[in-house]
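Below, each chain spelled out in residue letters.
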Amino acid sequence: MTRHVLPATFPTTRNRSRVVALTSVLAVVAMTTTGCSGLIGGGSDGKDQGAIVLGMDIPMSGSSADIGPYMKNGAQLAIDEINAKGGVLGRKLKLQVEDDACDPKTAVAAANKLVAAGAVVSVGGYCSGATLPTLPVFGKQKIPMIIPAANSNELVEQHLDHVFLINGTGSQQADAAVEWLTKDGAKKVAIMDDNTSYSKDIADLTAARLGTGGAPAKAAEDSVNPGESDYSPNVTSVLKSNPDYIYWTGYYQEGGLLIRQFRQAGYTGKFLVGDGSVDAKLVEIAGAANGEGVYATMTQTPQTTPGAESWIASYKKKFGSEPGPYSTQSYDAVRVAAEAVKKAGSTDGDKIIEALEGLNGFDIFSGPLKFTDDHTLSNGGFVILNVKNGTFALQDSLK
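Residues numbered from 1 in each chain as written. Predicted model: local features only at pLDDT ≥ 70, side-chain atom pairs only at ≥ 80, totals over all residues. Heavy atoms only, no water.

As annotated in an unreviewed UniProt entry, the protein chain is Branched-chain amino acid ABC transporter substrate-binding protein from Streptomyces chengmaiensis. Check the Sequence similarities (unreviewed entry) section of the UniProt entry for the protein chain; it says "Belongs to the leucine-binding protein family." (UniProt positions renumbered as here; feature names shortened; annotations may be inferred.)

The following block contains the structure:
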């Protein structure tokens, strides 16, 4: 498969609004990266002193701000463990975190700050819509990206050399969703998204799978505008299709509001939510009674990962709190980055990319790692969670 170093344009999107949004972001990328050509960026063999910087763009503010600290802490735990054993190539690792607020323009500015800080690998990326415009920023400086959470197929459709995903893809999540909906006896499923790259990707992929091969029928598709407080027009429209299951593929802020407003409108069917909604805040916003019993498609969380007890204890000892979603994936992103730098014997970006492509059997939480030709996981590792007593617990491993 032919891969490319840098995109000429962003990938073709599925609706005009995303094309316009990404085009505007490209203008920002062009302006903000113009002065970066002289930066060290992806690591030079001629600059082998001081700490090896790993950069992390994550939401520390905005509607997904609760996720950022989990990712930061998971990454820092790995940094500290590796440094305690001598670091990599005789040098300590340093985590440099910048807030992308899950906003495309903010993410581009944050990525450029990481380039200026001399990051040799990026280990961030939560919201796909904010991660997408950072691809050319890091690519221009030959900085490999090991993305722990963002998983829209648009991230890998361009076949960029420097982009690697260690979370399951949108296609794999859609497969898991349809498998569960079929297994749970759903008849008519309404698909709802928030028009972001991540959410729309999963929604479109899931909708295409409904009504085929014994899968339940599609009742309706609907998109909401994120950030609003009243979704009653969307609720009314969807309920007209008489679904017995609703799959929400967006984030927890809007997801919690939708669940609450559907229940208030008299909906008695079931809810399934995507991995961007797996957070205690979903239940808090929906209300305890409304949130109880909600299902979710999700890759492993610390609490649902067999054998993670000692890791959870280490996290709690260091940070004084329970780990949350994407803390383990962020921990693994750092470990994968460190392993690649070690195998490369260098902080040169091209050499690290070659080392990443050559990894075979490196142990991470989701299992032995070997990237596909698309730089994704061969097995997405999605499972089904269910809210029980206010907490997401494992319902079905789909094995």
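Let's pick the thread back up.
Q: Would you take a moment to explain the packing of aromatic side chains for this structure?
A: Within a pair of aromatic rings, the relevant descriptors are the distance that separates the centres and the angle that separates the planes. Under the definition given, this model contains 14 aromatic pairs. Cluster of aromatic residues (ring-pair linked, three or more members): Trp 311, Tyr 315, Phe 319, Tyr 331 and Phe 365. (Phe/Tyr/Trp six-rings, centres within 6.5 Å; stacked < 30°, edge-to-face > 60°.)

Q: I would appreciate a short explanation of the pattern of salt bridges in the present structure.
A: Two side chains bearing opposite charge may form a pair once their charged atoms approach each other closely. With the rule as written, the count across this model stands at 13 salt bridges. Where Asp 193 meets Lys 200, a salt bridge forms, and the shortest distance between an N and an O atom there is 3.8 Å. Lys 200 carries the same exposure label as Asp 193, and that label is buried. For Lys 200, the salt bridge is made with Asp 204, and the minimal N-O distance between the two is 3.5 Å. Of this pair, Lys 200 and Asp 204 both sit in helix α7 (residues 197-209), 4 residues apart, roughly one helical turn. An identical accessibility class is assigned to Lys 200 and Asp 204; each is buried. (Salt bridge = Lys/Arg side-chain N within 4 Å of Asp/Glu carboxyl O. Buried < 20%, exposed > 50% of the residue type's maximum accessible area, 1.4 Å probe, protein only. Helix = DSSP H or I, 4+ residues; strand = E, 2+ residues; numbered from the N terminus.)

Q: How should I be thinking about unusual backbone geometry in this particular structure?
A: Backbone phi values are negative for most residues with the exception of glycine, while trans is the configuration of most peptide bonds. Of note in the backbone geometry, Ala 101 takes a positive phi value of approximately 55° without being a glycine. Relative to the elements of secondary structure, Ala 101 occurs in the loop between β2 (93-99) and α3 (104-116). Even without a glycine there, the phi angle at Tyr 326 is positive, about 70°. Inspection of the secondary structure assignment puts Tyr 326 in the loop between α12 (309-319) and α13 (327-344). Judged by relative accessible area, which is 1%, Tyr 326 ranks as buried.

Q: What's the story with the packing of α13 against helix α14 (residues 349-358) in this structure? I'm lost.
A: Two quantities define a packed helix pair, namely the angle between the helix axes and the distance between the axes. Their axes nearest at 8 Å, the elements α13 and α14 cross at an angle of 110°. Classified by the angle between their axes, α13 and α14 sit roughly perpendicular to one another. α14 is crossed by α13, and the crossing has right-handed handedness. Along the contact surface, α13 presents Val 336, Ala 340, Val 341, Lys 343 and Ala 344, while α14 presents Lys 351, Ile 352, Ala 355 and Leu 356. For the contact of α13 with α14, the class distribution of residues is 7 nonpolar, no polar and 2 charged. (Axes fitted to C-alpha atoms, helices over the stretch in contact; angles between N-to-C directions. Parallel < 35°, antiparallel > 145°, perpendicular 65-115°, else oblique. Left-handed = near helix turned anticlockwise from the far one by under 90°. Contact = heavy atoms within 4.5 Å. Nonpolar A, V, L, I, M, F, W, Y, C, P; charged D, E, K, R; others polar.)

Q: Would you mind showing me how to read the state of the cysteines here?
A: Should the sulfur atoms of two cysteines be covalently bonded, the bond is a disulfide. Throughout the structure, instances matching the rule amount to 1 disulfide. Each sulfur in the disulfide pair Cys 102 and Cys 127 lies 1.9 Å from the other. Residues Cys 102 and Cys 127 share a disulfide whose torsion about the S-S bond is about 80°; that sign makes it right-handed. One end of the pair, Cys 102, is in the loop between β2 and α3; the other, Cys 127, is in the loop between β3 (121-122) and α4 (128-131), and 25 residues separate them in sequence. With respect to burial, Cys 102 and Cys 127 carry one shared label: buried. (Disulfide = S-S within 2.5 Å.)

Q: Would you take a moment to explain the confidence of the model for the protein chain for this structure?
A: Atom-level detail of predicted coordinates should not be read off regions where pLDDT is low. Across the protein chain, pLDDT averages 90, with 88% of residues at or above 70. This model gives residues 5-46 a pLDDT under 50, and the stretch forms 84 contacts once residues within four places in sequence are excluded. (pLDDT = per-residue confidence, 0-100.)

Q: Whenever I open this one, the nonpolar core confuses me. Can you help?
A: In terms of nonpolar packing, the biggest core is built from 100 residues, with Leu 54, Val 121, Val 123, Tyr 126, Phe 262 and Leu 356 touching the most fellow members. At 8 residues, α13 tops the list of elements feeding residues into this core. In contact with Leu 54, other than residues within four places in its own chain, are Ile 79, Leu 93, Lys 94, Leu 95, Gln 96, Val 120, Val 121, Val 123, Val 334 and Ala 337. Counting residues in hydrophobic clusters, the runner-up holds 19 residues, among them Val 115, Leu 132, Leu 135 and Leu 165. (Core = buried A, V, L, I, M, F, W, Y, C linked by side-chain atoms within 4.5 Å.)

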